[in-house]
Amino acid sequence: APHKVRINNGGNNIDFVIKDNSNNVYFTADASTARIGIGTDQPEAALDINSDSMRLRNSNTPSSAGDFGHQGEIRWDANYIYICVATDTWKRVALSSW
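Residues numbered from 1 in each chain as written. Predicted model: local features only at pLDDT ≥ 70, side-chain atom pairs only at ≥ 80, totals over all residues. Heavy atoms only, no water.

A short note on the sheet that holds strand β4 (residues 47–49)
Rules: By the convention used here, strands pair only if DSSP detects at least 2 bridges between them. Numbering of helices and strands runs from the N terminus, with a helix taken as a DSSP run of H or I at least four residues long and a strand as a DSSP run of E at least two residues long. Axis definition: a line fitted to C-alpha atoms, over the contacting stretch in the case of helices. Angles run 0 to 180 degrees between N-to-C directions.
Read from one edge to the other, the open sheet built from four strands follows the order β1-β2-β3-β4, with strand pairing classed as mixed. In the strand order of this sheet, the two ends are held by β1 (16–19) and β4, each with one partner. The sheet shows a mean angle of 5° between the axes of neighbouring strands, taken without regard to direction.

Take a look at the structure:
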């Protein structure tokens, strides 16, 4: 059977905060707003990253514009960035060097 660790299983307003060794917040789960913060203790969106970059480590190319996908999903490869705009509906933008 799958094993789960549940935090706030009672539906209370309990936030989950992780700090580094300098007492800086690097992860927050805000129960009152259902938001996650990385590098912030006051997330303002469902996922709020207080940084100047984020990384998707692995490339993944949809096989076609009708490949399986969920709206809002983002993928990339060496030539394009792909965004799923509706269920199983992809659009892409070409990448170029400058």
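The rest of the description comes next.
Some remarks on the environment of K91
What counts is decided by this rule: Contact definition: two residues touch when any of their heavy atoms are within 4.5 Å.
Mapped onto the secondary structure, K91 falls in strand β7 (residues 89–94). Taking the C-alpha atoms as reference, K91 lies 8.5 Å from I81; in sequence the two are ten residues apart. Aside from chain neighbours lying at most four places away, what touches K91 is I81, Y82, I83 and V85.

Quick look at the pairing of strand β6 (residues 80–86)
Pairing geometry for strand β5 (residues 74–76) and β6, over three bridges, is antiparallel. What sits directly across from R75, in β6, is Y82. Hairpin connection between β5 and β6: a loop of three residues separates the two successive antiparallel strands. Count of turn residues in the β6/β7 antiparallel hairpin: two residues, of which D88 carries a positive phi of about 55°.

Brief notes about the pairing of strand β2 (residues 25–30)
Both β1 and β2 contribute to a ladder of four bridges, which runs antiparallel. Note that in β2 the partner of K19 across the bridge is V25. Between the antiparallel neighbours β1 and β2 lie five residues, among them N23 with a positive phi of about 70°. Bridge analysis of β2 against strand β3 (residues 35–38) gives three bridges, and the strand direction is antiparallel. When the sheet's bridge partners are listed, T28 is paired in β3 with G37. In textbook terms, the turn of a hairpin is the stretch between consecutive antiparallel strands, and for β2 and β3 this stretch comprises four residues, one of which, A34, has a positive phi near 55°.

With respect to unusual backbone geometry
In this model, N23 sits at a positive phi of 70°, which is unusual for a non-glycine residue. Structurally, N23 is set in the loop between β1 and β2. Positive phi values are uncommon outside glycine, yet A34 reaches one of about 55°. Within the fold, A34 resides in the loop between β2 and β3.

Section: the packing of aromatic side chains
Selection rule: Each Phe, Tyr or Trp ring (for Trp, its six-membered ring) is paired with any other whose centre lies within 6.5 Å, and the angle between the two planes then decides the class: stacked below 30 degrees, edge-to-face above 60, tilted in between. Each residue gets one of three labels from its accessible area relative to the maximum for its type: buried under 20%, exposed over 50%, partly exposed in between, using a 1.4 Å probe on protein chains only. Working rule: Lys NZ or Arg CZ, within 6 Å of ring centre, within 35 degrees of ring normal, means a charge sits over the ring.
Applying the stated criterion across every chain, the model contains two aromatic pairs. For the ring pair Y80 and Y82, a centre distance of 5.8 Å and an interplane angle of 50° mean the geometry is tilted. In this structure Y80 comes out as partly exposed when scored by relative accessible area, which is 23%. Classification of Y82 as buried rests on a relative accessible area of 6%. Over the aromatic face of Y80 sits the side chain of R92, whose NZ or CZ is 3.9 Å from the ring centroid.

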